[in-house]
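Here's the letter readout for the chains.
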Amino acid sequence: MRPGTRLGIDVGSVRIGVARSDPAGILATPLETVRRGKGDLDRIAELVAEHEVAEIVVGLPTSLSGRNGPAAQEARRFAEALARRLAGILPEDGIRLYDERLTTVTAEAGLRRSWVRGRNRRQVIDQAAATVLLQAALDAERATGRPPGESVRGSR
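Residues numbered from 1 in each chain as written. Predicted model: local features only at pLDDT ≥ 70, side-chain atom pairs only at ≥ 80, totals over all residues. Heavy atoms only, no water.

Brief notes about the pairing of strand 2 (residues 15–21)
Here strand 2 lies mainly inside the structure; 5 of its 7 residues are buried. As judged from the 5 bridges shared by strand 1 (residues 5–11) and strand 2, these two strands associate in the antiparallel manner. Residue D10 lies in a different strand from strand 2, and its bridge partner there is G17. Hairpin connection, strand 1 to strand 2: the antiparallel pair is bridged by 3 residues. Between strand 2 and strand 3 (residues 28–35), which follow one another and run antiparallel, lie 6 residues, and G25 among them has a positive phi close to 70°. (Buried < 20%, exposed > 50% of the residue type's maximum accessible area, 1.4 Å probe, protein only. Helix = DSSP H or I, 4+ residues; strand = E, 2+ residues; numbered from the N terminus. Pairing = 2+ DSSP bridges.)

Structure (structure tokens):
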């Protein structure tokens, strides 16, 4: 496992869920929900500095058939904009896209099982989805010995 804290980013049209790992890359935990729009990249840059982040994993919402639809294209655009914003701060391959199929469904089910309801669930679902995404990426790296997903470095 490569050392360093990672952020998991679940990009939505209104909110961005953010999770972070411990420096050893073992466990993902919810961190924050960032409002999508003006200032969102700056807030994520602040989180990168605050938590000494080595890598960011952005969820790529691929369809169950494996195709990239409009949501996946938007996630890719967001990851590319984030790579430009963090150029010189993160390593060249410090932003990765990782297949996030079913992360929101998994997060929603977990929140339901823990009795989080209604408005409270809406407030944390994005963070929970980012946590599921990041944990899956960490587990994949641990299992394969390779960085998860695909690098966004070519977009800078």
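A look at the sheet that holds strand 1
Strands in a sheet are paired, the pairing made by backbone hydrogen bonds, and the direction either parallel or antiparallel. Pairing is mixed across the open sheet formed by 6 strands, whose spatial order is 3-2-1-4-5-6. In this open sheet, the two strands that pair with only one neighbour each are strand 3 and strand 6 (150–151). The pairing of strand 4 (residues 53–60) with strand 5 (residues 95–99) spans 5 bridges and is classified as parallel. In the strand pairing of strand 5, V57 is matched with R96. Against the sheet, helix 1 (residues 40–50) contacts strand 1, strand 2, strand 3 and strand 4, and its axis sits at roughly 150° relative to strand 3. Packing of helix 2 (residues 70–85) onto the sheet brings it into contact with strand 1, strand 2, strand 4, strand 5 and strand 6, and relative to strand 4 it is tilted by some 160°. (Contact = heavy atoms within 4.5 Å. Axes fitted to C-alpha atoms, helices over the stretch in contact; angles between N-to-C directions.)

Points about the pairing of strand 5
In terms of residue burial, strand 5 counts as a mostly covered element, since 4 of its 5 residues are buried. In terms of strand pairing, strand 5 meets strand 6 through 2 bridges, oriented antiparallel. Residue pairing for strand 6: L97 is matched across the bridge by E150.

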